[in-house]
Amino acid sequence: QVHLAESGGGSVQAGGSLRLSCSISGVTASSYYMGWFRQAPGKDREGLAFIDSDGSTTYAASVKDRFTISLDNTRNTLYFHMNSLRPEDTGMYSCAADPSTYRYGGGRRYSWYEDPRYKYWGQGTRVTVSS
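Residues numbered from 1 in each chain as written. Predicted model: local features only at pLDDT ≥ 70, side-chain atom pairs only at ≥ 80, totals over all residues. Heavy atoms only, no water.

A few words on the nonpolar core. Core analysis: the biggest nonpolar cluster contains 35 residues, and Leu78, Phe80 and Met82 have the highest contact counts within it. Of all the elements in the fold, those that place two or more residues in this core are β3 (18-25), β4 (33-39), β5 (45-51), β7 (67-72), β8 (77-82), β9 (91-98) and β13 (125-130). The contacts of Phe80, once residues within four sequence positions are left out, are Leu18, Arg19, Leu20, Trp36, Leu48, Ala49, Phe67, Thr68, Ile69 and Tyr93. (Core = buried A, V, L, I, M, F, W, Y, C linked by side-chain atoms within 4.5 Å. Buried < 20%, exposed > 50% of the residue type's maximum accessible area, 1.4 Å probe, protein only. Helix = DSSP H or I, 4+ residues; strand = E, 2+ residues; numbered from the N terminus. Contact = heavy atoms within 4.5 Å.)

Here it is, written out as structure tokens:
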């Protein structure tokens, strides 16, 4: 009964900030491995940030100095604090989660930024950044 639901998307001017939320139900999120993904218009979905069960985080180079992924264990909610937004940040943002430390496919271990690494996905929330 694991369910992920994103919220907080919307329209914002370049240079502005936005905080996305991903509520997790059915499980204790602190024991999961989670990430934020974005699919820009005409592009494939890409991994932006990852957080593991001990709170360690990893970021894509494009957002490393601007975005922050965090987990509120009390509220069982994953957050994505996005600062200094740019038009190229426009897209559909989705959260993903998986209970396994690692997942494998095709004879290899999936990386944090690969879609198949995650068992559960939210429906996404749209973010539009205007210049």
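Applying the stated rule across the entire model yields one disulfide. The side chain of Cys22 participates in a disulfide bridge whose partner is Cys95; the two sulfur atoms lie 2.1 Å from each other. Across the S-S bond linking Cys22 and Cys95, the dihedral sits near 65°, which makes this disulfide right-handed. One end of the pair, Cys22, is in strand β3; the other, Cys95, is in strand β9, and 73 residues separate them in sequence. For the pair Cys22 and Cys95, one class covers both residues: buried. (Disulfide = S-S within 2.5 Å.)

Here the focus is the pairing of β13. Looking down a regular strand, the side chains alternate between one sheet face and the other. Residues Thr125, Val127 and Val129 point to one face of β13 and are all buried, whereas Arg126, Thr128 and Ser130, pointing to the other face, are not buried. As paired elements, strand β2 (residues 10-13) and β13 share four bridges and run parallel to each other. Bridge pairing in β13 places Gln13 opposite Ser130. Pairing of β9 with β13, which is carried by three bridges, proceeds in the antiparallel orientation. Counted as the bridge partner of Met92 is Arg126 from β13. (Pairing = 2+ DSSP bridges.)

We now examine the packing of aromatic side chains. What the rule picks out here adds up to seven aromatic pairs. A ring pair is formed by Phe37 and Tyr118, whose centres lie 5.4 Å apart and whose planes are at 80°; its orientation type is edge-to-face. Here Tyr118 lies in the loop between β11 (108-109) and β12 (120-121) and Phe37 lies in strand β4, a separation of 81 residues in the sequence. Each member of the pair, Phe37 as well as Tyr118, is classed as buried. Ring plane angle 35° and centroid distance 6.4 Å describe the contact between Phe50 and Trp112, whose orientation is recorded as tilted. Pair noted here: Phe50 is in strand β5 and Trp112 is in the loop between β11 and β12, with a separation of 62 residues, a long-range link. This pair shows no difference in class: Phe50 is buried, exactly as Trp112 is. Of the aromatic side chains, those joined through ring pairs into one cluster are Trp36, Phe67 and Phe80. Over the face of the ring belonging to Trp121 we find Arg45, whose NZ or CZ atom lies 4.0 Å from the ring centre. When the ring centre of Tyr102 is taken as reference, the NZ or CZ atom of Arg109 above it lies at 3.8 Å. (Phe/Tyr/Trp six-rings, centres within 6.5 Å; stacked < 30°, edge-to-face > 60°. Lys NZ or Arg CZ within 6 Å of the ring centre and 35° of its normal.)

Any link to function would need more than the numbers given here.
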